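# A structural walkthrough
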2 protein chains.
Amino acid sequence: MVNIGIIGVGLVGSELISQLATYASSVPRISVIALTNSSKQLLSTPNYSPLELSTWKQTLQTQGNTANLSVFIDYVSNSPTPAIIIDNTSSQEIASQYPLFLEKGLHVVTPNKKAFSSEATLYKEIIEEAKKNKKLVFNESTVGAGLPIISTLKDLVRTGDKINRIEGIFSGTLSYIFNEFSKSGDDNGQKFSEIVTVAKNNGYTEPDPRDDLNGLDVARKVVILGRIAGMNLSLDTLPVENIVPEPLPKNNNQVLRYVGVIDPVCGESGVKLVSLPLSHPFATLKGSDNMIAFTTQRFPNPLIIQGAGAGAAVTAFGIFSDILKIADRFEP
Amino acid sequence: MVNIGIIGVGLVGSELISQLATYASSVPRISVIALTNSSKQLLSTPNYSPLELSTWKQTLQTQGNTANLSVFIDYVSNSPTPAIIIDNTSSQEIASQYPLFLEKGLHVVTPNKKAFSSEATLYKEIIEEAKKNKKLVFNESTVGAGLPIISTLKDLVRTGDKINRIEGIFSGTLSYIFNEFSKSGDDNGQKFSEIVTVAKNNGYTEPDPRDDLNGLDVARKVVILGRIAGMNLSLDTLPVENIVPEPLPKNNNQVLRYVGVIDPVCGESGVKLVSLPLSHPFATLKGSDNMIAFTTQRFPNPLIIQGAGAGAAVTAFGIFSDILKIADRFEP
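Scoring rules and cut-offs
- Residues numbered from 1 in each chain as written.
- Chains lettered and ligands numbered in written order.
- Predicted model: local features only at pLDDT ≥ 70, side-chain atom pairs only at ≥ 80, totals over all residues.
- Heavy atoms only, no water.
- Helix = DSSP H or I, 4+ residues; strand = E, 2+ residues; numbered from the N terminus.
- Rg over C-alpha atoms; globule rule 2.2 N^0.38 Å.
- Buried < 20%, exposed > 50% of the residue type's maximum accessible area, 1.4 Å probe, protein only.
- Contact = heavy atoms within 4.5 Å.
- Pairing = 2+ DSSP bridges.
- Axes fitted to C-alpha atoms, helices over the stretch in contact; angles between N-to-C directions.
- Parallel < 35°, antiparallel > 145°, perpendicular 65-115°, else oblique.
- Phe/Tyr/Trp six-rings, centres within 6.5 Å; stacked < 30°, edge-to-face > 60°.
- Lys NZ or Arg CZ within 6 Å of the ring centre and 35° of its normal.
- Salt bridge = Lys/Arg side-chain N within 4 Å of Asp/Glu carboxyl O.
- Least-squares fit on C-alpha atoms with pLDDT ≥ 70 in both.
- Buried area = accessible area lost by both parts, 1.4 Å probe.
- Nonpolar A, V, L, I, M, F, W, Y, C, P; charged D, E, K, R; others polar.
- Polar contact = N/O pair within 3.5 Å; in protein donor to acceptor, adjacent residues only side chain to side chain.
- Domains from an automatic or database assignment.

### Section: the overall build of chain A
Along chain A, the regular secondary structure elements total 13 helices and 12 strands. Computed over the C-alpha atoms, the radius of gyration of chain A is 21 Å, within 12% of the 20 Å expected from 2.2 N^0.38 for a compact globule of 332 residues. If one aligns the C-alpha atoms of chain A with their principal axes, the spans along those axes are about 65 × 45 × 35 Å. Per-residue burial over chain A gives 55% buried out of 332 residues. In chain A, of all internal contacts separated by at least 6 residues, the share reaching a separation of at least 24 is 68%.

### A short note on the sheet that holds strand 3 (residues 40-43) of chain A
Residues and elements named next belong to chain A. If you walk across this open sheet you meet the 7 strands as 4-3-2-1-5-6-7, and the pairing is mixed. On the outer flanks of this sheet lie strand 4 (65-66) and strand 7 (137-138), each paired with one strand and no other. Note that strand 1 (residues 2-7) and strand 2 (residues 30-36) share 6 bridges and pair parallel. Bridge pairing links Ile6 to Leu35 in strand 2.

### Quick look at the sheet that holds strand 12 (residues 303-308) of chain B
Pairing in this open sheet of 10 strands is antiparallel, and the strands run 10(A)-9(A)-8(A)-11(A)-12(A)-12(B)-11(B)-8(B)-9(B)-10(B) from one edge to the other. Taken across any chain shown, the strands that pair with only one partner, and hence form the sheet edges, are strand 10 (270-277) of chain A together with strand 10 (270-277) of chain B. The mean inter-strand angle of the sheet, taken between neighbouring strand axes irrespective of direction, is 25°. Pairing of strand 9 (residues 254-262) of chain A with strand 10 of chain A, which is carried by 8 bridges, proceeds in the antiparallel orientation. Bridge pairing in strand 10 of chain A places Val255 of chain A opposite Leu276 of chain A. Strand contacts of helix 8 (residues 149-158) of chain B: strand 8 (163-169), strand 11 (289-296) and strand 12 of chain B, with the helix running at about 5° to strand 11 of chain B, the strand carrying the most contacts.

### Topic: the packing of helix 13 (residues 312-328) of chain A against helix 8 of chain B
Where helix 13 of chain A meets helix 8 of chain B, the closest approach of the two axes is 10 Å, and the angle between their N-to-C directions is 100°. In this view, helix 13 of chain A runs roughly perpendicular relative to helix 8 of chain B, as classed from their interaxial angle. From helix 13 of chain A, Phe317, Ser321, Leu324, Lys325 and Asp328 of chain A reach across to helix 8 of chain B, where they touch Asp155, Leu156 and Arg158 of chain B.

### Concerning the packing of aromatic side chains
Residue and element names in this part refer to chain A. Per the counting criterion, the structure on display carries 10 aromatic pairs over all chains. Measuring from ring centre to ring centre gives 5.2 Å for Tyr23 and Phe320, while their planes differ by 85°; the resulting arrangement is edge-to-face. With Tyr23 in helix 1 (residues 11-23) and Phe320 in helix 13, this pair connects stretches of sequence that are 297 residues apart. Taking relative accessible area as the criterion, Phe320 reaches 0% and is therefore assigned buried. Taken together, the aromatic side chains of Tyr98, Phe101 and Phe116 make up a single cluster linked through ring pairs. Sitting over the face of the ring of Tyr123, Arg227 holds its NZ or CZ atom 5.0 Å from the ring centroid.

### Some details on the pattern of salt bridges
Across all of its chains, the model carries 18 salt bridges over all chains by this definition. Two residues, Lys325 of chain B and Asp155 of chain A, come together in a salt bridge whose shortest N-O distance is 2.9 Å. Of this pair, Lys325 of chain B sits in helix 13 (residues 312-328) while Asp155 of chain A sits in helix 8 (residues 149-158), on two different chains. Take Lys325 of chain B: its relative accessible area is 28%, and that puts it in the partly exposed class. The class of Asp155 of chain A is buried, set by a relative accessible area of 13%. For Arg158 of chain A, the salt bridge is made with Asp328 of chain B, and the minimal N-O distance between the two is 2.8 Å. Taken together, the residues Arg158 of chain A in helix 8 and Asp328 of chain B in helix 13 connect one chain to another.

### Details of the relation of the copies chain A and chain B
Once chain A is rotated about the relating axis by 180° and shifted along it by 0.0 Å, it coincides with chain B to within an RMSD of 0.0 Å. In short, the pair behaves as if placed about a two-fold rotation axis.

### A word on the interface of chain A and chain B
Counting residues at the interface gives 33 residues for chain A and 33 residues for chain B. Interface area, chain A with chain B, both sides summed: about 3,000 Å², of which 57% is carbon and sulfur. Put simply, the parts of the chain that give the side of chain A that touches chain B at least two residues each are helix 1, helix 8, strand 12 (303-308) and helix 13 of chain A. Ranked by the residues each element gives to the side of chain A that touches chain B, the list is headed by helix 13 of chain A, at 8 residues. Looking at the side of chain A that touches chain B, its residues break down into 17 nonpolar, 7 polar and 9 charged. Note: strand 12 of chain A against strand 12 of chain B, 3 bridges, orientation antiparallel. Within strand 12 of chain B, the position partnered with Gln306 of chain A by the bridge is Ile304 of chain B.

### Some details on the environment of Glu93 of chain B
Examined against the element boundaries, Glu93 of chain B turns out to sit in helix 4 (residues 92-95). Residue classification places Glu93 of chain B among the exposed positions, given a relative accessible area of 60%.

### Considering the environment of Gly10 of chain A
All names here are of chain A. The topology assignment puts Gly10 in the loop between strand 1 and helix 1. Take Gly10: its relative accessible area is 45%, and that puts it in the partly exposed class. Counting along the chain gives 205 residues from Gly10 to Gly215, while the straight-line C-alpha distance between them is 24 Å.

### Some words on helix 3 (residues 69-77) of chain A
All names here are of chain A. Along helix 3, the residues that are buried comprise Phe72, Ile73, Tyr75, Val76 and Ser77. In this structure, the buried residues of helix 3 make contact with strand 1, strand 2, strand 3, strand 5 (83-87) and helix 5 (98-103). Where helix 3 begins, the side chain of Asn68 points an oxygen toward the backbone nitrogen of Ser70, at a separation of 3.1 Å.

### Some words on the pairing of strand 9 (residues 254-262) of chain B
All names here are of chain B. For strand 9, a buried count of 8 out of 9 residues is recorded, marking the element as mostly surrounded by other parts of the structure. Taken together, the 3 bridges between strand 8 and strand 9 define a ladder with antiparallel strand orientation. Pairing of Ile166 across the sheet is with Ile262, part of strand 9.

### Side note on the domain arrangement of chain A
Often, the extent of an interface is quoted as the loss of accessible area upon association of its parts. Residues and elements named next belong to chain A. Taken domain by domain, chain A holds domain 1 (2-146 + 313-328) and domain 2 (151-307). Between domain 1 and domain 2, the C-alpha centre-to-centre distance is 29 Å. Listed as interface residues are 14 residues of domain 1 and, on the opposing side, 13 residues of domain 2. Taken together, the two surfaces of domain 1 and domain 2 that pack against each other cover about 1,200 Å², and 53% of this comes from carbon and sulfur. It is Lys113, Ser117 and Val143 in domain 1 that bury the most area against domain 2; as a group they hold 42% of the surface buried on that side. Between the two partners, domain 1 and domain 2, sit 6 residue pairs in polar contact (both at pLDDT 80 or more). Breaking the side of domain 1 that touches domain 2 down by element, the ones donating at least two residues are helix 6 (114-117) and helix 7 (120-132). Broken down by element, the residue count for the side of domain 1 that touches domain 2 peaks at 3 residues, all from helix 6.

And the structure:
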């Protein structure tokens, strides 16, 4: 039996709880014993009993206490059985506490990119605390949501394959925008800014679309994968083309793609705007799909993974898979 | 520390040993303590010490005893630490002994399709014995070699996603042959039989190419995935189009593909020869790559995995990843 405390119950957190609710009686057994948003928290009573997942929203509203992260963490870390903290936020502040969580005996599962793509010192500290305390930190959903990107890269690396290059379309939002831009090519030439406005109005972008367009989100994913591949990448020094203010090239036989590159061989990692022929695999991407290609010694013709890289259902799926991989280890 | 006994040291087994040799001192720790081919076997001395992997071929030749599977299994199963049997053969006889291996306390990792695609009774017995003895059976390399096909399907299923359809190009050999056939279209019209002859002479096919061409190998993969998806598929009743004696359709704007389909919704699983437009993802496949598309409730636009689906290096990679997933569970 593994106990779970969930920080962040917005879109992704709610979907995760709903997926966990349908699983309730399966093996390995997992129970949600605590959940919190930024204002309120709910700890189960009697202590360490499972929360009733079908009514958590009303219960949090009516019976929740004022959120207090240190009380929350103490409750979960004193669990009599192994316990996991799920961080569904995008908070740097919470990410910076993962070493503390690990020290307190908690495992960590998260789609939050901050801990793995910010300061190298924090990243190193997390790896060391995990090792020292024999605890696990899984973050499949930080890149490509539920697509098996990180688990595949870790398998390649630890079985001794040589990573020659990782290249990918890591932003569902930008894929969508560029697909629309490429489509509008021939006749009534919609402007890039108009397409972004439509995308924003339809809810496909962050509230401020510059958060998608400045490339920071893609850069974080490049740093995460690069570090797993053994490189010393840093957000501060990674070359990232900012596409907001530049005039965009346009060619009817090509499509625009915003590509993240991890390049352990030539050291030319970065995020770039490139114009690709229609025959390129990245050019065939539809909708908001991601596509990641691993070129390695064993896969000179790359291993490619493709599919929805954003959205609550697929992000929660990645988190849920990580939870089960931890729970597996405590099966009697 | 996990101990390993390897049955079958041909092309895949040798490559696995070579990959394991470069890993030797890493964590989690694993040691090869026994290996055997059909004529000779080598058990480590002193008992349960690691075999020296750099010289295993000569040692097996000069110091190996006559192969005796029951002696081999007894040695490995009496290991003082958790132990895994790796079956690199394609033997039905060895596959039928997995329930016995599990009963003796061994975990099983294998690229051998027989146990998972033959009689439903054997399959059921393996699952029951694994559960009863709390042992693991991992077979990632039975479908798409090292591509993360089976692990992804298992993650989707056990987190409660609904599998609507799995469709794939599961045969590297047939991909290669059809690619050549489709290419030869316009001018000097190479015959299908001529292409198969060239493929055979270049070592791309089984010794008897009919073993690739009769569809049995693809059918086994369809049965394996179908059973994981909860279906009652059987080799005896699965519709499989045999492509050997039929005249093949030909169209310059289309390519031929031999497609495996798992269809839990309409029940139309099977293996078919289809003519696809050049724009279809399966039509873009190059060389001997496999491509598998999972269409699910969470991935209505399919999750697609693509890459080398055959070859010793990638098959051994899949086996090695499975070994590490088991060894992970015994880390102190």
